[in-house]
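Summary of the model geometry
Residues per chain, in single letters:
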Amino acid sequence: MSERVFLFVVGVYILVALYLGMDVMIYLLSLWLLFEAVTDIRLTTLSQRLLKKSVPAGLIVFNSKQRFDFDALRTWRISVAVLLGGSLLLLKEQNVEFVWFFPWFMGFAIMGAGASSVCPVLLFIRWLGFK
């Protein structure tokens, strides 16, 4: 599984969970993304090892000067988990109503990034200097 397919699946998963109103699915996804970011054990690399294939990420790369010795995909996973889980927590637990669009926007944006192979957040993270 490439990162591009992973992004599409994550985006669809977010939208389905929001449509069905299953907040637990969003919290589990946030925990899973944090687990992948902290341990650097990714579903995409595990599937490639099991199939004994090397699949490129399939995403457009922004070449910039590397300032940090930290993977951009790990940074992306942390930022998505924090923003998605945090906005849903604010919405459901603290009744902050103006953040309702963040999870929906993220779901459509991540699904679109998987479909088009252009993820603006990942490009921005790489522009900042993550490898």
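Here we summarise the structure given alongside this text. Since we're looking at a predicted model, the values are computed, not measured.

**A word on the packing of helix 1 (residues 3–20) against helix 2 (residues 23–39)**
Where helix 1 meets helix 2, the axes come as close as 9 Å, and the angle between the chain directions of the two elements is 155 degrees. As far as their axial angle goes, helix 2 and helix 1 are roughly antiparallel. Packed against helix 1, whose contacting residues are F6, V10, Y13, I14, A17 and L18, the element helix 2 presents M25, I26, L29, L33 and E36 at the interface. In the contact of helix 1 with helix 2, the residues fall into ten nonpolar, no polar and one charged.

**Some details on the packing of aromatic side chains**
Considering all chains together, one arrives at six aromatic pairs under this definition. Taken together, the ring pairs in this structure connect F68, F70 and F130 into an aromatic cluster.

**Focus: the layout of surface pockets**
What the largest pocket holds in volume is close to 290 Å³. In terms of lining, the largest pocket is formed by 15 residues, of which the most central are L83, F105, M106, A109 and V121. Looking at the lining of the largest pocket, the elements that each hand over two or more residues are helix 4 (72–92), helix 5 (101–116) and helix 6 (120–128). Of the residues assigned to the lining of the largest pocket, the class counts are 13 nonpolar, two polar and no charged.

**Quick notes on the environment of V118**
Secondary-structure assignment places V118 in the loop between helix 5 and helix 6. A C-alpha to C-alpha distance of 24 Å links V118 and G86, two positions 32 residues apart in sequence.

**As for the nonpolar core**
Of all hydrophobic cores here, the largest spans 27 residues; its most connected members are L7, I14, I26, W76, I110 and L122. Broken down by secondary-structure element, the contributors of at least two residues to this core are helix 1, helix 2, helix 4, helix 5 and helix 6. It is helix 4 that contributes the most residues to this core, eight residues altogether.

Analysis parameters
Residues numbered from 1 in each chain as written. Predicted model: local features only at pLDDT ≥ 70, side-chain atom pairs only at ≥ 80, totals over all residues. Heavy atoms only, no water. Axes fitted to C-alpha atoms, helices over the stretch in contact; angles between N-to-C directions. Helix = DSSP H or I, 4+ residues; strand = E, 2+ residues; numbered from the N terminus. Parallel < 35°, antiparallel > 145°, perpendicular 65-115°, else oblique. Contact = heavy atoms within 4.5 Å. Nonpolar A, V, L, I, M, F, W, Y, C, P; charged D, E, K, R; others polar. Phe/Tyr/Trp six-rings, centres within 6.5 Å; stacked < 30°, edge-to-face > 60°. 1 Å grid on protein atoms, 1.4 Å probe; cavity = no way out; pocket = protein on both sides within 12 Å on 5 of 7 lines; lining within 4 Å. Points joined across faces, edges and corners; volume = space filled by probe spheres on them. Core = buried A, V, L, I, M, F, W, Y, C linked by side-chain atoms within 4.5 Å. Buried < 20%, exposed > 50% of the residue type's maximum accessible area, 1.4 Å probe, protein only.

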